[in-house]
Amino acid sequence: MNDEPKKREGRVFNVKTGEMRSVNDALGAGHDRAKRDSNDCVPPTISFVSGNSELESFPAKNDSLARQPDATKPVEAMASVASTGLLSEVEVVSSGDLQGRGGREGRPVTKVPKSEVETLEQFIEYAYGRKGQRISMKPRAERRISKNSRLDDLATARLLQLASMDKVLAVPRQLLLFTREINGFPEIRSSITDFVFKVITGHPAFSDTGIQAAIRNLPDGPAPSAALEKIKNLAIPTDSSSMHFKESDLNQLKRNACYLFATWTAIHRGFGSEELVALLFEGLWLPASRILPDDTARFQVLTEIEHVAGAGLACYRFRQQAIEARNEKEISQRLQVDLQNQLSLLETSRDQLVESRDQLLVELRALREQKEVEAADLRRQHAIELTRALHHLEQLQGRVANRLSESIDMLEVGLTAMRSDPPRFRVMTERAEHVLDELRKEMNNLQGVDHGGRGI
């Protein structure tokens, strides 16, 4: 039977050096108590042991540690961290034990239950304590923080100082993703978003004016894909007081900055997963794939993908888009065939109409010519008839005038004979009968002309 104590992974934070490292802790109540008794006179150092991934509620902090005489500063630091409720347990470890930890199986431990998170500042401290891992919050913790969800200037300054220690920007993206999980507490979401905005705009990775315009969604800003590619290729400025990045840290910083910008853009512009995949593809993945020299390098990166879920999601989106594009192409092809058939029918109808139009134009032209000829004939005949009618009218007028003149003369002679003494009635009678006969003849001539005759 193995009597070796059960091993447990943990993290140790040295207050003096600021170092955080992982150790294997040997659990054993009796062994811990013996070690604690033997190291009471050694100033303690704080050790963080990670607990559950979710942020939970715990009883109030144990103030008995603050009464330990020779460990004022470490105990105050430990109590400050424990008050945030970010750790699963807080352990006091002697400095000498840290130095000789490599050859030991146990260490003196003083456990202090963590307290409940009451403010948004404590929650953001918890997020930075996760070092870029996913963060969460239970509903009752959300209700507590909603009562104090504002960050004053001092709290913001403290948190920005804490954020400045996150050199590779591992935490802000987790904070943005967490805001999507908040339901019913817009104040918390707004405060976290404002804080992340200050972190982003104050970081050297986003110092370019074009990138700043894209973050603020200004009209003159570049497209998100162009800004994302610029972040990927950006040379991070460093001053003499800042730490110089290792190449691996610099690559990680650029990668985190790209994903942070993509997350910010997707959230604040209402992108869905498809738009986010398209943005990452155009601004980050596609430019990175162009530098692969051959198939061997492509096989290398394809077989070394760690986050298979993300790759599967992106490939699934592209596959769905390809399927939709193929379906749309088939629909378009069918529509094209239908439209071509309709076009052929319309062209045939058009040709028929054009032929009919040409035939009608020929017939119309012939009719116009025919009518013009007929009209010319009619005008000529009309002119002849008019001339003839005028001539007949002149003849008729002359004949009637002569007849009337002769009749007047004869009647005057007859009247003269009647007035003579003795009156000569027989002369008047002859004259009157002659005039009447001539007038009847002229009347008959006129009637013949009225009925279409030419008269005498």
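Residues numbered from 1 in each chain as written. Predicted model: local features only at pLDDT ≥ 70, side-chain atom pairs only at ≥ 80, totals over all residues. Heavy atoms only, no water.

A. How the structure looks around the overall build of the protein chain. Helix and strand counts for the protein chain come out as 15 helices and 4 strands. Expressed as a percentage of the 456 residues in the protein chain, the buried residues total 30%. Considering only residue pairs separated by 6 or more positions, the protein chain has 69% of its internal contacts joining residues 24 or more positions apart. In the form shown here, the protein chain has an accessible surface area of approximately 29,400 Å², with 54% of it arising from carbon and sulfur atoms. (Helix = DSSP H or I, 4+ residues; strand = E, 2+ residues; numbered from the N terminus. Buried < 20%, exposed > 50% of the residue type's maximum accessible area, 1.4 Å probe, protein only. Contact = heavy atoms within 4.5 Å. Areas by Shrake-Rupley, 256 points an atom, 1.4 Å probe, with all protein chains shown as cover.)

B. Main features of unusual backbone geometry. Asp421 connects to Pro422 through a cis peptide bond whose omega is 5°. Tracing the chain through its elements places Pro422 in the loop between α14 (308-419) and α15 (425-450). Despite not being glycine, Asn217 shows a phi value in the positive range, around 60°. Along the chain, the position of Asn217 falls in the loop between α9 (209-215) and α10 (224-232).

C. Inspection of the packing of helix α8 (residues 186-202) against helix α11 (residues 247-268) at higher detail. For the pair α8 and α11, the least separation of the axes is 12 Å and the interaxial angle reads 140°. Classified by the interaxial angle, the pair formed by α8 and α11 is oblique. Note on packing geometry: the crossing formed by α8 with α11 is left-handed. Of the residues in α11, those touching α8 at Thr193, Val196, Phe197 and Ile200 are Leu260, Trp264 and His268. Residues of the contact of α8 with α11, tallied by class, amount to 5 nonpolar, 2 polar and no charged. (Axes fitted to C-alpha atoms, helices over the stretch in contact; angles between N-to-C directions. Parallel < 35°, antiparallel > 145°, perpendicular 65-115°, else oblique. Left-handed = near helix turned anticlockwise from the far one by under 90°. Nonpolar A, V, L, I, M, F, W, Y, C, P; charged D, E, K, R; others polar.)

D. Quick peek at the packing of aromatic side chains. Using the criterion set out here, one finds 5 aromatic pairs in the structure. When the ring of Phe123 is compared with that of Tyr126, the centres are 5.7 Å apart and the planes differ by 40°; the resulting orientation is tilted. Highlighted residues: Phe123 and Tyr126, both in helix α4 (residues 120-129), separated by 3 residues, approximately one helical turn. (Phe/Tyr/Trp six-rings, centres within 6.5 Å; stacked < 30°, edge-to-face > 60°.)

E. The confidence of the model for the protein chain, seen in detail. Taken as a whole, the protein chain shows an average pLDDT of 75; of its residues, 71% reach a score of 70 or greater. With pLDDT under 50 throughout, residues 1-13 is counted as low confidence; its partners more than four residues away or in other chains account for 50 contacts. Low confidence marks residues 22-113, where pLDDT is under 50. Its contacts with residues over four positions away, or in another chain, come to 191 contacts. (pLDDT = per-residue confidence, 0-100.)

F. Structural detail: the pattern of salt bridges. Inspection of every chain in the model, using the stated rule, returns 15 salt bridges. Between Arg357 and Asp358 there is a salt bridge, and its shortest N-O distance comes to 3.0 Å. For Asp358, a relative accessible area of 33% corresponds to the partly exposed category. A salt bridge links Arg403 to Glu406; the shortest N-O distance between them is 3.3 Å. Within this pair, Arg403 and its partner Glu406 are both found in helix α14, separated by 3 residues, close to a single helical turn. Residues participating in the shared-partner salt-bridge network are Arg403, Glu406 and Glu438. (Salt bridge = Lys/Arg side-chain N within 4 Å of Asp/Glu carboxyl O.)

G. Quick peek at the nonpolar core. With 49 residues, the main nonpolar core has Phe123, Leu175, Ile192, Phe195 and Phe206 as its most contacted residues. The leading source of residues in this core is α11, at 7 residues. When sequence neighbours within four positions are dropped, the list of residues in contact with Ile192 reads Leu120, Phe123, Leu175, Phe178, Thr179 and Ile182. (Core = buried A, V, L, I, M, F, W, Y, C linked by side-chain atoms within 4.5 Å.)

H. Just the side chain of Asp166, in detail. Along the chain, Asp166 turns up in the loop between α6 (153-164) and α7 (172-179). Buried and without a salt bridge, Asp166 has Lys131 as its closest oppositely charged side chain, separated by 7.1 Å. When sequence neighbours within four positions are dropped, the list of residues in contact with Asp166 reads Tyr128, Val171 and Pro172. (Lys, Arg positive; Asp, Glu negative; His and termini not counted.)

I. Representation of α11. Between its terminal C-alpha atoms α11 stretches 31 Å, which fits the 32 Å expected from 22 residues at 1.5 Å a residue. Inspection of α11 places Leu253, Asn256, Ala257, Cys258, Leu260, Phe261, Ala262, Thr263, Trp264, Thr265 and Ala266 among the buried residues, and these make up the whole buried set. Among the residues trailing α11, Gly270 stands out with phi positive, at a value near 70°. (Expected span 1.5 Å × (residues − 1).)

J. Seen up close, α4. Counting buried positions over the 10 residues of α4 gives 8, a clear majority of the element. For α4, every residue scored as buried is listed here: Leu120, Glu121, Gln122, Phe123, Ile124, Tyr126, Ala127 and Tyr128. Of the residues flanking the end of α4, it is Lys131, one or two places downstream, whose phi is positive at about 60°.

K. Layout of the packing of α4 against α6. Look at α4 against α6: their axes get within 11 Å of each other, and the N-to-C directions meet at 0°. Classified by the angle between their axes, α4 and α6 sit roughly parallel to one another. Touching Glu121, Ile124, Glu125 and Tyr128 of α4 are Ala155, Arg158, Leu159, Leu162 and Ala163, all from α6. Taken together, the residues of the contact of α4 with α6 break down into 6 nonpolar, no polar and 3 charged.

L. The arrangement of the environment of Gly414 in detail. Considering the arrangement of structural elements, one finds Gly414 in helix α14. With 10 residues separating them along the chain, Gly414 and Arg424 place their C-alpha atoms 8.3 Å apart. The residues contacting Gly414, other than those within four sequence positions of it, are Met428 and Arg431.

M. Highlighting a nonpolar patch on the surface. A grouping of Phe299, Val301, Leu302, Ile305 and Val308 is seen on the molecular surface, where their side chains present a nonpolar patch of about 500 Å² in accessible area. Per-element accounting of the nonpolar patch gives the leading share, 3 residues, to helix α13 (residues 295-302). Its location among the elements puts Ile305 in the loop between α13 and α14. (Patch = residues over 30% accessible without salt bridge, like charges linked within 9 Å, V, L, I, M, F, W, Y side chains within 5 Å.)

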